[in-house]
Amino acid sequence: KYALALDPKEATREGLPEVRIEGGAVVFSFRRWKKAVDLDYVPQQSADLLGWAALESEFLSPVDQGDGTELGQVTGGAVESAERQFYRLQVLKMPE
């Protein structure tokens, strides 16, 4: 919940990362703390939920939310297949 700027005492789905297809490409949207420079966000995809691979992606300019957080957006490669795909956002703690 720290990585996504969520309240750890609140059980809700609101504020979780969103994935959508826009212009034929995968777009991840997620909220994060602006000062959380110790985290790295890696969008991943899978065809079977067992094997995950980093999605070739590009971070778009974050949008300041005015409360110490920003809306991060990552666009991935073009969706080339009609087969089912699964997506997740892996968050890694950067070494100190």
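Residues numbered from 1 in each chain as written. Predicted model: local features only at pLDDT ≥ 70, side-chain atom pairs only at ≥ 80, totals over all residues. Heavy atoms only, no water.

Peer 1: Explain the environment of Pro 17 to me, and be specific about the residues and the numbers.
Peer 2: Turning to its location among the elements, Pro 17 is positioned in the segment before strand S1 (18-22). Sequence-wise, Pro 17 and Ala 36 are 19 residues apart; in three dimensions their C-alpha atoms are separated by 17 Å. Other than its neighbours up to four places away in sequence, Pro 17 contacts Leu 4, Ser 29, Phe 30 and Leu 89. (Helix = DSSP H or I, 4+ residues; strand = E, 2+ residues; numbered from the N terminus. Contact = heavy atoms within 4.5 Å.)

Peer 1: Kindly report on the nonpolar core, identifying the contributing residues and their values.
Peer 2: Ranked by size, the top nonpolar core spans twelve residues in total: Ala 3, Leu 4, Leu 6, Val 26, Phe 28, Phe 30, Ala 36, Leu 39, Tyr 41, Leu 55, Val 74 and Leu 89. When residues of this core are traced back to their parent elements, those giving at least two are strand S2 (25-33) and strand S3 (39-46). The element best represented in this core is S2, accounting for three residues. If sequence neighbours within four positions are ignored, Val 26 has contacts with Val 19, Arg 20, Ile 21, Leu 55, Val 74, Thr 75, Gly 76, Gly 77, Val 79 and Tyr 87. (Core = buried A, V, L, I, M, F, W, Y, C linked by side-chain atoms within 4.5 Å. Buried < 20%, exposed > 50% of the residue type's maximum accessible area, 1.4 Å probe, protein only.)

Peer 1: How would you summarise the environment of Leu 49 if you had to cite specific residues and measurements?
Peer 2: Along the chain, Leu 49 turns up in the loop between S3 and strand S4 (53-54). Placed 38 residues apart in sequence, Leu 49 and Tyr 87 show a C-alpha to C-alpha distance of 8.8 Å.

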